[in-house]
Structure formats: structure tokens, C-alpha cells
Amino acid sequence: MRADVRIEDLLRELAPQVLGALIRRYGHFDACEDAVQEALLAAAVQWPSEGVPEVPRAWLITVAGRRLTDQLRSEEARSRREATVAAMAAPEGLTAPPPGSEEQSPGQDDTLTLLLMCCHPALTPPSQVALTLRAVGGLTTAEIARAFMVPEATMAQRISRAKQRIKAAGIGFRMPPPDERAERLRVVLHVLYLIFNEGYTTTSGPDLQRTDLTGEAIRLARAVRRALPGDGEVTGLLALMLLTDARRPARTGPSGELIPLAEQDRTRWNRRSIEEGAALLTDALSTSALGPYQLQAAIAAVHDEAAQAGDTDWRQILGLYRLLERVSPGPMVTLNRAIAVAMVEGPHAGLDLLATLDTDDRLAGHHRLHAVRAHLLEMAGDHEAARAGYRTAARRTTSLPEQRYLEAQALRLAEAGRRPHSRQPSPRRISEMNTLKVPGATLHYETRGSGPVLLLICGGIMDSAVYGGLAGALSDRYTVVTYDRRGNSRSALDGPAEDQRVEVHADDAHHLLAAVTGEPAYVLGCSSGGLIGLELAARHPGQVRALVAHEPTAFELLPDNAHCREFFDDVHDTYVKEGVGPAMYRFGAGMGMGDGPEQDDQGHQGHPDQPDQPDQPDQHGEPAQEGDSGQHGDSGQHGDSGQHGDSGQQHGEPSPEMLEAMARMERNVEFFLAHELWQFSRHVPDVDTLRTTSPRVVIAGGDASQGQPPHRAAVTLAERLGTPLVTFPGDHGGFNTHSAEFAETLHKVLSNG
């Protein structure tokens, strides 16, 4: 296995050199790339058993050259293709030596030349990144598409257009003239920086980081430094990557949850990477003119030098940020400086600096600004405003780990705000866990409190834990019953996973109510749980005293239901073809959860780390993002790598129970996509029966989710039932983000019946 890994690493290192040699000779990007891929495949098959050739680069060039020659000779319309190849040949004087002469100069490395071509200013930043990863990094189109959460076909088109643009612009395979090299190199470093940032804190999807991208960015930065060992910014970028990536082992918990910089176990940091990065930084600072990458690396080094968060030299970090803002100003630098200002001069000084960014279009709506402001507001003691800021940031991020972290921060502040005013719980209000055998499954359920029974039905990937705050706020007035729906979390199916129907879930709720009470019960169902509640009221009206369906996902009732069906079909197809992450990203964006993907000038999906003006990277300090919940993410607090700076203050982590619940719900995602999404989105409530049934049915919608598909469905259903829509606090998940206010509104609605 170790030999195979060494061969894989060798092939990855040689691939751009071989591709560069072929392009230099033949000039046909696509054909050369195909030939190199075939040669790499042949090497991967032969070398483990036959041994690595004495000059592996020459072996690959020879095999790839033969493949390319065979291809050109065997295709149809040979004369036209031969003419095309001849026309695309490099100008005289720039061609490579004749075949076979590469063996005489095995040390020649075309990686930098290939990088400069892939990062040509004629290409858009997203195209530069994609082409670099494909041609120089050796990643497959599918791998790149997964990294940036777009369909493989979209990424293939982007790469193809980039190659066509290179051909149309007459971009030759050669080093740029001396007067262009500095600017071209700046673009190359920016592209590598973008790749590293996307890997270190993935902008979308279920994972916080992608080690394949960070590893590739570091490998390519090393290749550029080998070609330009005396360039201080090249060395500074490599140092920044190493010093930042060194924290990676401590950035996530057992379930992939984000751990902020201030709370990381620093003994898990990679000391070898820190030592190498520090040595590179010292070399760059002592031999080269100061540049932005060196300054960012210096900030990262200060963080890495602190054995504990409380030992962080924030005054030095603040001084470095002030210098960075003079050398390379930008809104992200100001954002990070605000954290350092807060740590040195106090939170109000940091908030004053943040206020200057509110009118900056490049950052005003970004989740990081809201997350950092929330952190500083919490430091200043304004917990209510901080909680609102965390909630806003959670809605705006498309990274699930960041979203979960930010929501947990908001929930922590909400619970802390209630604690001084709550009464001592009686023994009956302590949650009791039970199981119930129903046809085809075993349900896990919990009861707490005293009074009339109130059943809470959750939807989507959620389980009973999401109702913890709401149940706690209601348990002095009701016997609150929560449960995990069949197939989700702790409610196991008897057999293999299968498609779910709303009717079966309604029968589960019927069996559960029969087990806990002989009297009609109050019922709250949220999201697809609202559909289950409606079906329960229609099928078993005698068990329901009153039902509140909060934004039930009755999309089939909407006038544009055909469009909705098309959307859910697309999400399901994305799951089947591309997996969980891309499907959930598409689902969240379409349902109004997050701002959705940005687009470049060709309509391609991009991401916040790729600004429109590549000369003003949004990124300074981003590698430091530690999760960035605001990137601050790592903590919702602070970045690191200097980059957002870590507050050095301990923030309450989600409880062990909440962390366990998050892990359970993350495991529910695939079950939801495979067996519930399509079936639930097609369900049509029995409006005629509900209109005449005995239970009182109340349709509710969030005051912050108007216009979103679930709210529109609630409005339509209320109209069909001939009842007014009741407004509840918060958005689609208001029961969680505004649990205390939601509980009061729910109690008033139930009491008025």
C-alpha cells in the first residue's frame, strides 16, 4: 500500500510536467490532456508490478506521445485534424526538442508555465480555479464539481470553455514576457489561495473542510516555490497555508462539528507544519520585500505560538492587521481587524469599526459580518442582539457545520436568557424516555411536564431534540410528548429502509397518542410534520383536540405545483447522481435556507470566496477561518490564522446531548433524500375532510419566512380551509430559534379554542 501511495504521489507531481511537455510540442490542449491521462493510467497499472522506470517523466512523455500520435492518425478527417495540429503548433523557436530528447533533461519542469497559462487574465476567476485543478492538480472533473457543489456537466462546460478561450485568445505555452510576469504570478497565487480557502472552510455542504483541496493547494504552492525560491510572496503563501492547515486536526469534533479556535486542543496541532511554516516565514521576511501573504502568515504564526488561547498576543496581531490594511486593503481585512481591536480595546471599539462595513456592498450581506458582530455584541453583554445576529448569520451561510454552530450559539443565549426567570422544575417535568412498538418500526419518544397532552411532530431530518427549548418552555402547562419519526434517529425500522408515506407516519402518531393518553390531545406539526398532523386529524379526528400545522409543506396545493415537482425531482436526481452534499445544497437554496450560490459572468455557480474583483481578494485571513461561523467560523467567533482572530474567550459549547442530536440528524439526511423527500413533496392533504372535521385546525406561518415556499403553501392551505393564517415568531424553524416566544404564541392559540 505504501508503494502504491508513493507511485500515486509521483504521478500527481509528474502529470503537469508531462502535460506541459506535450502542449509545448503539439499545442493541442484537449488532445494532450487525454493522452497524458491514458499514460498515467498505464503507469498506475504497470509500475506497481513492474517497477518504476529509471526516468519516470521520460517514460510518461513517450507513452503519452504515442497515444497522441495514434489518436491523430486513427481519427476521421485526418487531413483536417493534421492541419489543425500544424496550425496550433508553437511558433518556431518556442517548440520543444524533438521526441526522445526529454530524457537528456529530466529535471525540466513546466509546472509553472502551465499554471501561468491556466491562470491567464483572459479567463474568469472561477474558470482559472477549475482549469488549474484539472490540468495542473490532476483532479477529475467530477471531483472538482463536488468540491464546488455544482453538477459535473456544469463544471465540464466551464473547463471546456476555458480551454476554448485559451485557444481563441492565442495564449501560447510559454513564459510571459518580463513586464507581465509579476502580474501573472499574482493571479496564480490568488488562485492557489482560493483553492486553499475552499478546502479549509468549505463554503457549502455538509463538511467543514476538504483535505483534497487544501493538500492540492499546498502541493502546487510548493511547486511554484521550487521554480521561484527567491520570491517572498510565493514563500509567504506557502508558509500561510502550512501554519493554517496545521490546526486542521483540532478544528472538528467526532461528528464533524466545528470547534472554534479558542476551544481547540492545541496539542493536536501539527507541530511539524508549524515549524516548517515558521522557518519559511522567517526566510521570506529576512530576504524579500514585505507583501500581504507574508503578513497573513505572520498573523497565523502569532496564533500558533500561543500554547493557550489566553496567551495570544492580540496587540501584535492588531499591529499586523493595521499594516496589512495599508499594504492590501479590503473589507475582509477590516472585518478581521475589528476582532483584534475588540480584543485589545474592547468590544465597543470593534463594533464601531464593523459599522463602517455596513455600506460596503462586498460584505454588507455576508454571513461573516453578522457572525462577527454577534460575537462582539455578546462580548459587550447585549445577548438579545447577539442572538439575533447569530440567527441571521446561520440563515445566510450555506455551510451546514457553520449553520449548526451558529444556531447552537443562538440557542445557548436563548436558554441563558430564560434561566434566571425560570422556576425550579418539578420531578414530573424531567424528560422520560420510552420506546413504543408500532407496525414496522420501534418509536423512541419522550414525555415531560404535566397537564393536557401536547404532541410535537417534527419534519425533515429532525428528531425530538429540536423541540428541546420549546418543550421546556411548555412543560409547566402541558405534558409534552416528542418522538423521532420512523427510520430517523433512534426510531428504527424493523426491516431495510423503504420509501415512506405520510399516512403511515400519521398512524404512528395515532398509536403513540393511544399509548400515552385516552383523551384527545393537542398537536403541533412543523414542516412535513405539519402534513403528518393534518393526516392524523383527518384519519383519527377523535384523538385530536386541536391541531396547529406550522408551514406544512403542502406544495401540491400551490398554483405553481408543477414547478415544485420539477424542483424536488431535480433535488432527488442530484442526490442519486452526485450525492448528499450537492443535493442538500440545492434543496436548501431552493427552499430559502441560505442565500444560494452566486454566479459568475457566464452564469456559473461560484461562491463567496471568489469575488468579482480578483485584485481585491475577499479573502485576507480566510484560511484562518476556523470554521468561520462567520468565519469566525471556527467559532462563530473568530478566525484564526489570524484571520479572524480568536477571542481567546471560552464560549459555551453545545451540550453533549445536543452534539449527539446533531450527529443523529446528520445521519438522517440520506434517509430523507432517499425515502421521504419525493413522497412527502407529492402528498396532498385531505382538505375536504379537514374542512368539516371535528378537531380545530390552525394553519400557521413564520413572520420572517413570508414568500418562501413553505410559507406560501401555508397561505394557500389556510385559504382552502377558509381559516385565517396565524403568524408565529421566526421563520420556518421558529420553534427552535424563537422557542420562548413561539411557546407563548402556541399556548395562546391552543387556549383560545
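Residues numbered from 1 in each chain as written. Predicted model: local features only at pLDDT ≥ 70, side-chain atom pairs only at ≥ 80, totals over all residues. Heavy atoms only, no water.

I'd love a proper account of unusual backbone geometry, names of residues and values included.
With a phi close to 60 degrees, S527 is a non-glycine residue in the positive phi region. Here S527 lies in the loop between β7 (521–526) and α22 (528–539). A positive phi is found at E551, a non-glycine position, where the angle reads about 45 degrees. Of note, E551 is situated in the loop between β8 (544–550) and α23 (561–578). Accessibility expressed as a relative area gives 0% for E551, which makes it buried. (Helix = DSSP H or I, 4+ residues; strand = E, 2+ residues; numbered from the N terminus. Buried < 20%, exposed > 50% of the residue type's maximum accessible area, 1.4 Å probe, protein only.)

Before we move on, could you go through the sheet that holds β8 and cite the residues and values that matter?
Spatial strand order, β3-β4-β6-β5-β7-β8-β9-β10: eight strands in an open sheet with mixed pairing. Strands at the two margins of the open sheet, each flanked by one partner only, are β3 (432–438) and β10 (725–728). Ignoring strand direction, the axes of neighbouring strands in this sheet form an average angle of 25 degrees. Contacts from helix α21 (residues 502–516) reach β3, β4 (441–449), β5 (453–457), β6 (479–483) and β7, with the element oriented near 155 degrees to β5. (Pairing = 2+ DSSP bridges. Axes fitted to C-alpha atoms, helices over the stretch in contact; angles between N-to-C directions. Contact = heavy atoms within 4.5 Å.)

With reference to specific residues and values, describe helix α16 (residues 347–355).
Buried within α16 we find P347, G350, L351, L353 and L354. Summarising the axial view, the buried residues of α16 lie within an arc of 160 degrees, below the 170-degree limit, and thus occupy one face. Along α16, the residues that are exposed and aim more than 90 degrees away from the buried face are H348 and D352. Residues of α16 that are buried sit in contact with α15 (331–345) and α17 (367–380). (Arc of directions from axis to C-beta.)

Residue-level account of the nonpolar core, with values.
Of all hydrophobic cores here, the largest spans 118 residues; its most connected members are L22, L60, L192 and L354. Top element by residues in this core is helix α9 (residues 178–200). It accounts for 11 residues. Core analysis: the second largest hydrophobic core is formed by 44 residues, Y522, M591, V669 and V749 among them. (Core = buried A, V, L, I, M, F, W, Y, C linked by side-chain atoms within 4.5 Å.)

Which residues make up the pairing of β7, and what are the values?
Among the six residues in β7, six count as buried, and that is most of the element. Of the two faces of β7, the one holding A521, V523 and G525 and the one holding Y522, L524 and C526 are both buried throughout. Pairing of β5 with β7, which is carried by four bridges, proceeds in the parallel orientation. Its bridge partner lying in β7, L455 is registered against V523. Where β7 and β8 come together, six bridges link them in parallel fashion. Its bridge partner lying in β8, A521 is registered against V544. Assessed by its sense of winding, the connection that carries the chain from β7 through α22 to β8 is right-handed. (Right-handed = clockwise from strand over helix to strand, strands pointing away.)

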